[in-house]
Amino acid sequence: MLTKRIIPCLDVRDGKVVKGINFVGIKEVGDPVELAAEYDRQGADELIFLDITATSDDRNTMVDMVERTAKQVFIPFTVGGGIRSIEDIRKMLLAGADKVSLNSSALKNPDLIRQGAEMFGSQCIVLAVDAKKREDGTGWDAYLAGGRINTHKDVIEWVKEAEKLGAGEILLTSMDADGTLQGFDLELTQAVRNAVNVPVIASGGCGKLEDFYDVLKEDTADAALAASLFHYGTLSVGEVKDYLKEKGIHVR
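Predicted, not measured: the structure shown is a model, and the values here were computed from it.

Novice: Please set out the pattern of salt bridges residue by residue, giving values where relevant.
Specialist: Within this structure, the stated rule accounts for 20 salt bridges. We note a salt bridge from Arg5 to Glu169, for which the minimum N-O separation is 2.6 Å. With Arg5 in strand β1 (residues 5–13) and Glu169 in strand β10 (residues 169–174), this residue pair connects regions lying 164 residues apart in the sequence. Accessibility expressed as a relative area gives 8% for Arg5, which makes it buried. Several salt bridges converge on common partners, so that one network encompasses Arg5, Glu46, Lys99 and Glu169.

Novice: Mind laying out the state of the cysteines, listing which residues take part and the relevant values?
Specialist: Under the criterion given, the structure shown has zero disulfides. Lacking any disulfide linkage, Cys124 is separated from the closest cysteine sulfur, that of Cys9, by 19 Å.

Novice: Report on helix α7 (residues 186–195), specifying residues and quantitative values.
Specialist: Turning to α7, its buried residues are Leu188, Thr189, Val192, Arg193 and Ala195. The buried residues of α7 occupy an angular sector of 165 degrees when projected down its axis, which confines them to one face. Buried residues in α7 make contact with β7 (125–133), β8 (140–144), α6 (155–165), β10, β11 (200–203) and α8 (209–216).

Novice: Quick rundown of the packing of aromatic side chains? Include the residues and the values.
Specialist: In the structure shown here, the tally under the stated rule is four aromatic pairs. Centroid distance Phe49 to Phe77: 5.7 Å. Interplanar angle 80 degrees. Geometry classified as edge-to-face. Taken as a pair, Phe49 in strand β4 (residues 47–51) and Phe77 in strand β5 (residues 77–80) lie far apart in primary sequence, 28 residues in all. Taken as a pair, Phe49 and Phe77 share a single burial class, namely buried. Ring centres of Phe184 and Phe212 lie 6.3 Å apart, and the angle between their planes is 70 degrees; on these two criteria the pair is classed as edge-to-face. With a gap of 28 residues between them, Phe184 in the loop between β10 and α7 and Phe212 in helix α8 connect regions that are remote in the sequence. Here Phe184 falls in the buried class, since its relative accessible area comes to 9%. An aromatic cluster is present here, built from Tyr39, Phe184, Phe212 and Phe230 joined pairwise through their rings.

Conventions used here
- Residues numbered from 1 in each chain as written.
- Predicted model: local features only at pLDDT ≥ 70, side-chain atom pairs only at ≥ 80, totals over all residues.
- Heavy atoms only, no water.
- Salt bridge = Lys/Arg side-chain N within 4 Å of Asp/Glu carboxyl O.
- Helix = DSSP H or I, 4+ residues; strand = E, 2+ residues; numbered from the N terminus.
- Buried < 20%, exposed > 50% of the residue type's maximum accessible area, 1.4 Å probe, protein only.
- Disulfide = S-S within 2.5 Å.
- Arc of directions from axis to C-beta.
- Contact = heavy atoms within 4.5 Å.
- Phe/Tyr/Trp six-rings, centres within 6.5 Å; stacked < 30°, edge-to-face > 60°.

This is the structure in structure tokens:
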């Protein structure tokens, strides 16, 4: 049986880790390299960095941060935000990232997934999806530009298409649950899990130990991502893993 992964997420803006609620109300919480090193010490399985204002940021800042992080941590880490081309993917991997996360750029140019997978391998290409339930309740739409623009593209159809193009993993964020600490969006996560054969990382809404168990117990997700809980010291990665082991979930 594959072990489940616990992944801290670091949303980066202007070189600092920040956190918001429902993608707004952003507050600074720390230095990305220092936090990454701390999560490595705590036993995190992976890390994910998302540059949430990449459209307006200078890429060099993120490359520098990736290089500094790679010297400090010894677990896989994924970098996303503002990666628009094969050259951007190459830069991040050369700087030390193990995977890249594509969101807006993939929605605008799905062929970038195929190109990236062919050149660097599917294991390097993570499709990030910011999903929000439609008002009529018929499903979920994929958003781009940090959750600001509705593409009106159906999330389930999009993840299926991305898997065919070569995406090796899905990073699924529920915009409805993001930052609320009310638990992962189990309905959304299960729907995506049922649609694809690649690993699914659940993101958005984790507020307590039980939330990790709920999303990992029935093969709803392969990994659970959290930010606020870890950043503010509410829980450590070790505490989460100890709890899951007690509940019979296979973790590293």
